Amino acid sequence: RWTVYCQKAFDVTPRPDWAPVNFNVDFDGASNIVFSNGNLDPWSGGGVLSNVSDTVVAVPIDQGAHHLDLRTPNPADPESVIEAR
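Below, the structure is looked at part by part. Note that the structure is predicted; figures quoted are calculated from it, not measured.

## Things to note about the layout of surface pockets
- One number sums up the size of the largest pocket: a volume of about 770 Å³.
- In terms of lining residues, the largest pocket is bounded by 22 residues, among which Pro42, Trp43, Ser44, Gly45 and Gly46 are the most central.
- Secondary-structure elements contributing two or more residues to the lining of the largest pocket are helix 1 (2-10), helix 2 (18-23), strand 1 (33-38) and strand 2 (56-61).
- Ranked by the residues each element gives to the lining of the largest pocket, the list is headed by helix 1, at three residues.
- Its boundaries defined by the atoms lining it, the second largest pocket holds a volume of some 260 Å³.
- What lines the second largest pocket is a set of 14 residues, and nearest its centre among them are Pro20, Gly46, Gly47, Val48 and Leu49.
- A per-class count over the lining of the second largest pocket returns eight nonpolar, five polar and one charged.

## Regarding the pattern of salt bridges
- Under the definition given, this model contains one salt bridge.
- For the salt bridge of Asp77 with Arg85, the shortest nitrogen-to-oxygen distance reads 2.7 Å.
- You can call Arg85 partly exposed: its relative accessible area is 40%.

Cut-off values and rules
- Residues numbered from 1 in each chain as written.
- Predicted model: local features only at pLDDT ≥ 70, side-chain atom pairs only at ≥ 80, totals over all residues.
- Heavy atoms only, no water.
- 1 Å grid on protein atoms, 1.4 Å probe; cavity = no way out; pocket = protein on both sides within 12 Å on 5 of 7 lines; lining within 4 Å.
- Points joined across faces, edges and corners; volume = space filled by probe spheres on them.
- Helix = DSSP H or I, 4+ residues; strand = E, 2+ residues; numbered from the N terminus.
- Nonpolar A, V, L, I, M, F, W, Y, C, P; charged D, E, K, R; others polar.
- Salt bridge = Lys/Arg side-chain N within 4 Å of Asp/Glu carboxyl O.
- Buried < 20%, exposed > 50% of the residue type's maximum accessible area, 1.4 Å probe, protein only.

So, to be careful, I would describe these as geometric facts and stop short of saying anything about function.
The structure is reproduced here in structure tokens:
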């Protein structure tokens, strides 16, 4: 869905593998890392969206925004953010 939008709106095609290729992302030997990723964050497409291993995990957050899960809890927080915390 984002690919078509970006092509129509900006005449560009997103490259989801750009960051790992250009920044040489390598999780070999990594452990105990949690990547939270809110789908309302415009940067979410460049994040880690699936588990890398049993101890390097992705936590997708529906209705989550940039750093919302890391902020102080608020009564207006979506249930998905509460569950992710």
